[in-house]
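Residue strings, one per chain:
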Amino acid sequence: MQLARRLMAVRAAVRELRADGSTIALVPTMGALHAGHLSLVARAREVADHVVASIFVNPTQFGEGEDFDSYPRTEEADRAKLERAGCALLWAPMPEEVYPADHATSIRVGGVTEGLCGDSRPGHFDGVATVVAKLFNQILPDYALFGEKDYQQLAVIRRMARDLDFQVGIIGVPTVREADGLALSSRNAYLSEDERARAVALPDALGETAAAIVGGAPVADAIIAAKAKLFEAGFATVDYIELRDAETLAPVGTLERPARLLAAARIGKTRLIDNIAVEPG
Ligand code: AMP
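Residues numbered from 1 in each chain as written. Predicted model: local features only at pLDDT ≥ 70, side-chain atom pairs only at ≥ 80, totals over all residues. Heavy atoms only, no water.

**Student:** How do you make sense of the pattern of salt bridges when you look at a structure like this?
**Tutor:** When charged atoms on two side chains of opposite charge get close, those side chains can pair. A full pass over the atoms with the stated rule returns 18 salt bridges. For Arg43, the salt bridge goes to Glu46, with nearest N and O atoms at 2.6 Å. Of this pair, Arg43 and Glu46 both sit in helix H2 (residues 35-47), 3 residues apart, roughly one helical turn. For Glu46, a relative accessible area of 61% gives the class exposed. For the salt bridge of Arg177 with Asp274, the shortest nitrogen-to-oxygen distance reads 2.9 Å. Pair noted here: Arg177 is in the loop between strand E6 (169-173) and helix H8 (193-199) and Asp274 is in strand E9 (residues 270-278), with a separation of 97 residues, a long-range link. For Arg177, a relative accessible area of 33% corresponds to the partly exposed category. The network of salt bridges with shared partners includes Arg5, Glu75 and Arg79. (Salt bridge = Lys/Arg side-chain N within 4 Å of Asp/Glu carboxyl O. Helix = DSSP H or I, 4+ residues; strand = E, 2+ residues; numbered from the N terminus. Buried < 20%, exposed > 50% of the residue type's maximum accessible area, 1.4 Å probe, protein only.)

**Student:** Sorry if this is basic, but what is going on with unusual backbone geometry here?
**Tutor:** One non-glycine residue, Leu116, lies in positive phi territory at about 50°. Looking at the secondary structure, you find Leu116 in the loop between helix H4 (95-98) and helix H5 (117-120). For Leu116, a relative accessible area of 3% corresponds to the buried category.

**Student:** Any chance you could explain the sheet that holds strand E8 (residues 259-267) here in plain terms?
**Tutor:** Sheet strands pair via backbone hydrogen bonds, and the direction of the pair is either parallel or antiparallel. Here 3 strands make up an open sheet; going across it, the order is E7-E8-E9 and the pairing antiparallel. Taken across any chain shown, the strands that pair with only one partner, and hence form the sheet edges, are strand E7 (237-245) and E9. Taken over all neighbouring pairs, the strand axes of this sheet differ in orientation by 10° on average, direction set aside. Bridging between E7 and E8 involves 8 bridges; their strand directions are antiparallel. Bridged to Ile241 within E8 is Ala263. (Pairing = 2+ DSSP bridges. Axes fitted to C-alpha atoms, helices over the stretch in contact; angles between N-to-C directions.)

Spelled out as structure tokens, the structure:
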């Protein structure tokens, strides 16, 4: 696996990979890699000839008081995992290569950024859209893969790619979970043993609520019950639990089309997100 830290170098490496007409799939990450990230790499290998992964803890998607400084950085272990997973090139740019001191451009996606994490993390999706647009222009991939774990983010990227005519196929990959159902996340490393045991209430509550809604329970009642379950399990706050249209992310009052139940909640100091499909039976 090649490693590039400079834009000139990554462009040269990508040109070389493409020289024989090969296709490229990009897997953007912030590192601290786990089996969820590696499932994106595995899927990427199925859709393209070469996989380029990026590791960049993107400062512009972290808000004031969020965990940018403490975000886990494990580059050496990440490199070994990507190499083993069959990644051809790792793009791990220097921060000043991504954001020169006088950078003054950002991308704001409307619609799908409204509500959910768009409300609880103001400016977050501007940072995500901007860095992903830059990654697309840096690598010019044929495909880019994103996890359904970050369902609203996936919707934001799809909308941006469509609206700005990026010639990139956006591919969503199902969430990889621990044996008890907790979605893998780099932030799970923040959880104490006790918090980790309690955190399973999040996927449990989503599963029970989805089943209740499919079974005909009123959406609002099912969501109130889910919040109660999370507080009972020891979650400190619930940023949101909402049923949204699976495609447009518009709020859903009654289940008529494929929907998605999305939640964000804090246990101790750790903010966890998760989501699950809810489809009319
Ligand atoms: P991150 O490093 O958290 O920015 O995540 C990089 C990519 O991995 C994003 O597209 C995430 O949605 C995806 N991802 C994170 N956790 C999981 C998971 N448990 N299963 C599948 N994809 C994931």
